[in-house]
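# Descriptive analysis of the structure
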Amino acid sequence: MPRPATGHSKRVTLLRAALPCLALIMVTSPLYAQALTPDLLRPVPEGLLVPQDSFLRKTAGNTGDDDASDLGPDSNRKRPAPSRIGNIPTYGLPAASGAADDGFDSLNRKRKQRKSYPGEAKPKPSPGPGTPAPSAVKGQTNPNARVKISPPPSQTANRPPIPPSVAGIADGQPPRKPLPPDTDPFGPVGDYVGSFLVKSAVELRGGYDTNPGRTPTPQGSPFWVVAPELLVVSDWDRHALVADLRGSYTGYGNSLSPIVDGTISPAPTNVSRPDFTGHIDGRVDVTDYTHITSEVRLRVGTDLPFSPNVQAGLASYPIYTTVGSTFGIDQSFNRLDVALGTTFDRTVYQNSVFTDGTIGSNADRAFNQYGGVARVSYDLLPGLKPFVEAEADSRFHDLFVDSFGYARNSNGGYAKAGTSFEFSRLLTGDIAVGWAERNYADPRLDRLAGLLTSSSLTWTATPLTTVKFYSNTSIDEVIVPGVSGVLTRTYTFEVDHDFRRWLSAIGKFTYGTYDYQGNFGLTSDQGSRLDKTYTLEGDLIYKMTRNFWVTGTLRRDILDSNVPLTSSAATVVMLGVRVQN
């Protein structure tokens with residue numbers, strides 16, 4: 001049999017002998033401890049001790065988290081810094097690193113809330129930017145001390161509670177509607193007297209008129225005007241009562257000459273005159289569809305300066321007074337509205353006083369007028385309501401025959417058709433066209449008839465510009481022999497513009513015709529007398545406050561007549577103030 005290998009056995013024997021020798025060497029060699037050297041205290045990574053002010057010292061602010069206290073209150077471990085292996089190095093300070101705890105953070109991160117001291121009232125959240133800081137507490141000497149934002153109980157104690165209806169928190173209470181915008185910030189506000197709203201005003205004006213008598217030969221004079229106004233409107237759920245009273249008195253500083261160009265002046269020596277227009281309207285609501293209406297009116301004035309009713313040689317204008325009333329009923333049938341009414345008017349004149357001291361009676365000019373009016377309208381479309389209106393009346397003079405021997409009693413009336421409309425509050429008003437006529441008891445007086453126009457339109461072109469148009473037609477009495485009456489038509493075009501809320505300008509143009517039907521001593525080619533009037537007026541209003549305005553007026557009046565030595569012209573300049581409430 002072969003013998004086993006001898007080389008492997010020898011190597012094992014040598015290894016077994018070497019191990020004990022090594023152990024003996026280690027036991028017999030001297031052992032030395034590691035010495036503490038300054039190198040061990042150097043502020044280098046992996047050092048034994050790192051100084052407190054070292055920039056390489058790990059703190060809770062650079063461990064990678066905002067706060068390391070989330071490991072638990074009993075834990076002494078700190079989160080390790082994030083590894084920089086494989087990350088792109090960053091240099092400089094990160095964004096919002098200097099915002100501290102309550103400064104502005106461009107990254108919009110949530111800041112830690114300030115901890116309150118024990119017993120301190122918790123501050124209320126700020127209502128928004130721009131809120132002023134709370135003032136210091138009274139008696140506090142340290143201006144840097146914290147101020148309690150919440151008020152003490154003594155400031156809120158023993159206060160009466162606010163009713164829920166006033167506070168707007170009552171159950172089922174509808175939300176309050178916002179107040180409408182004030183379209184006229186400088187208009188009168190008025191005062192409430194009981195259940196009535198009262199607005200009052202007075203205007204004081206002064207100026208110069210180049211021809212106050214409207215004579216062919218002008219005679220100028222300074223003048224002054226006092227014009228009071230009163231408006232009373234009821235504030236009732238049902239029924240209504242409105243009183244509108246407006247008047248004026250114009251006084252002139254100079255007296256006109258009674259003799260002009262060797263003849264008696266057609267104008268009085270004293271041209272001062274009053275003017276008043278007032279009415280009181282009432283409405284009784286019997287039902288929602290039936291209303292009883294009434295009106296009481298008063299008119300005080302004089303004849304126009306260029307009227308042929310003005311007698312030559314007068315000392316002053318005779319004043320006339322007209323008192324009237326209307327009583328009617330208004331009934332609605334769905335969209336159909338029917339109104340019926342009766343009218344009564346009484347007109348009287350003062351006696352005429354002449355420059356020579358004589359007095360002339362005007363009793364033949366006094367008369368009563370009885371009439372009735374009917375109006376039918378239909379609400380065709382929203383903002384469009386066509387109507388038809390007719391009126392008939394009779395006039396009875398106190399004297400059947402006037403001072404010239406003419407019987408002036410008459411019967412007349414008118415009929416017109418039109419519509420009232422309101423389109424988006426931009427165009428409002430009414431317009432009508434018809435026919436008017438009057439027949440006189442004296443056969444020598446011709447029938448007076450003509451086309452009738454009536455309108456009142458307001459167009460709001462822009463929020464600052466308003467355009468208005470007015471027209472009216474009437475049949476008036478005269479005392480000229482052989483003349484039946486006068487058919488008067490006036491047309492007014494007005495533009496109002498506000499440069500500012502407190503500065504307004506008004507431009508107005510008025511055209512009028514006075515058609516006297518009868519013989520004025522003119523030839524057949526000239527026909528009857530026809531007067532045309534043109535008035536161009538400009539007003540400037542400076543509204544200093546709601547209660548005080550300053551006004552200026554410049555007006556040009558022109559009278560063009562086909563009767564010789566009757567045409568005239570005048571220029572009026574006025575400056576005044578208006579006080580209102």
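See the structure shown above.
Cut-offs and rules
Residues numbered from 1 in each chain as written. Predicted model: local features only at pLDDT ≥ 70, side-chain atom pairs only at ≥ 80, totals over all residues. Heavy atoms only, no water. Helix = DSSP H or I, 4+ residues; strand = E, 2+ residues; numbered from the N terminus. Buried < 20%, exposed > 50% of the residue type's maximum accessible area, 1.4 Å probe, protein only. Contact = heavy atoms within 4.5 Å. Areas by Shrake-Rupley, 256 points an atom, 1.4 Å probe, with all protein chains shown as cover. Phe/Tyr/Trp six-rings, centres within 6.5 Å; stacked < 30°, edge-to-face > 60°. Patch = residues over 30% accessible without salt bridge, like charges linked within 9 Å, V, L, I, M, F, W, Y side chains within 5 Å. Salt bridge = Lys/Arg side-chain N within 4 Å of Asp/Glu carboxyl O. Pairing = 2+ DSSP bridges. Core = buried A, V, L, I, M, F, W, Y, C linked by side-chain atoms within 4.5 Å. Polar contact = N/O pair within 3.5 Å; in protein donor to acceptor, adjacent residues only side chain to side chain.

Let us look at the overall build of the protein chain. Helices and strands together make up the secondary structure of the protein chain, namely three helices and 23 strands. Each of the 581 residues in the protein chain was classed as buried or not, and the buried ones make up 30%. Counting contacts in the protein chain only where the partners sit at least 6 residues apart, residues at least 24 apart contribute 54% of the total. Summed over its atoms, the accessible surface of the protein chain is roughly 38300 Å², and 61% of this surface lies on carbon and sulfur atoms.

Our next topic: the packing of aromatic side chains. Counted according to the given criterion, the structure contains ten aromatic pairs. Measuring from ring centre to ring centre gives 5.4 Å for F196 and W236, while their planes differ by 70°; the resulting arrangement is edge-to-face. With F196 in strand β2 (residues 196–209) and W236 in the loop between β3 (221–234) and β4 (240–252), this pair connects stretches of sequence that are 40 residues apart. Exposure remark for F196: the relative accessible area of 23% places this residue in the partly exposed category. Measuring from ring centre to ring centre gives 5.2 Å for F344 and Y370, while their planes differ by 45°; the resulting arrangement is tilted. Here F344, found in strand β10 (residues 336–349), pairs with Y370, found in strand β13 (residues 367–378); they are 26 residues apart in sequence, far enough to count as distant. A relative accessible area of 31% means that F344 is categorised as partly exposed. Given the relative accessible area of 41%, Y370 is considered partly exposed.

Relative to the assigned elements, F400 resides in the loop between β14 (384–397) and β15 (410–423). Given the relative accessible area of 51%, F400 is considered exposed. As a C-alpha pair, F400 and F367 span 33 residues in sequence and 9.8 Å in three-dimensional space. If we skip the residues at most four places from it in the chain, F400 touches Y406, A407, R408 and N409.

Here we take up a nonpolar patch on the surface. Judged by side-chain polarity, F333, L336, V376, Y378, L380 and L381 come together as a nonpolar surface patch covering roughly 520 Å² of accessible area. In this fold, F333 is placed in strand β9 (residues 319–333).

Here we take up the environment of Y491. Position of Y491 relative to the elements: it lies in strand β19 (residues 483–500). By relative accessible area, which is 25% here, Y491 ends up partly exposed. Taking the C-alpha atoms as reference points, Y491 and T473, separated by 18 residues in sequence, lie 9.2 Å from one another. Ignoring anything within four residues of it in the chain, the contact list for Y491 reads T453, F469, Y470, S471, F509, T510 and Y511.

Attention now goes to the pairing of strand β17 (residues 448–462). Here strand β16 (residues 427–440) runs beside β17; their pairing, made up of twelve bridges, is antiparallel. Bridged to E437 within β17 is A449. Taken together, the seven bridges between β17 and strand β18 (residues 465–476) define a ladder with antiparallel strand orientation. Within the sheet, the bridge partner assigned to L457 lies in β18 and is F469.

This part takes up the side chain of T533. Here T533 shows up in strand β21 (residues 530–543). When residues no more than four places from it in sequence are discounted, the contact partners of T533 are F306, T510, Y511, G512, Y514, I558 and L559.

Our next topic: the nonpolar core. Within the largest apolar cluster, twelve residues are counted, these being F223, V225, Y252, L256, A267, V271, V310, L314, Y317, F354, V572 and M574. Of all elements in the fold, only β3 and β23 (568–580) reach the threshold of two or more residues within this core. Those residues in contact with Y317, other than ones at most four positions away along the chain, are P268, N270, V271, S272, R273, T302, D303, P305 and V310.

Take the pattern of salt bridges next. With the rule as written, the count across this model stands at 22 salt bridges. The closest approach of N and O atoms between E295 and R297, which form a salt bridge, is 2.8 Å. D442 is paired through a salt bridge with R444; the nearest N and O atoms lie 2.9 Å apart. Using a relative accessible area of 48% as the deciding quantity, one classes R444 as partly exposed. In this structure, a network of salt bridges that share partners links the residues E203, R205, E229, D244, R246 and R578.

Topologically, S352 is positioned in strand β11 (residues 352–353). Judged by relative accessible area, S352 falls into the buried class, the value being 2%. At 3.4 Å, the side chain of S352 forms a polar contact with the side chain of Q311. In terms of polar contacts, S352 uses its side chain to reach the side chain of N362, at 3.0 Å. Setting aside its immediate chain neighbours within four residues, S352 contacts Q311, L314, P318, T358, I359, G360 and N362.

Moving on, we come to the pairing of β21. Look at any regular strand and the pattern is simple: side chains alternate between the two faces of the sheet. A one-sided burial pattern is seen for β21, the buried positions being D531, T533, T535, E537, D539, I541 and K543 and the unburied ones L530, K532, Y534, L536, G538, L540 and Y542. Bridge count for strand β20 (residues 503–518) against β21 is 13 bridges, and the pairing is antiparallel. When the bridges of β21 are listed, G512 appears paired with T533. Examined bridge by bridge, β21 and strand β22 (residues 548–561) share 13 bridges and lie antiparallel to one another. Bridge assignment links K543 to a residue of β22, and that residue is W549. The turn linking β21 back onto β22 is made up of four residues.

It is worth spelling out unusual backbone geometry at this point. Backbone geometry at D261 places phi at a positive 55°, although glycine is not the residue there. Within the fold, D261 resides in the loop between β5 (259–260) and β6 (263–264). The class for D261 is exposed, based on a relative accessible area of 66%. One non-glycine residue with positive phi stands out, namely N334, at about 55°. Along the chain, the position of N334 falls in the loop between β9 and β10.

On their own, these measurements won't tell you what the molecule is for.
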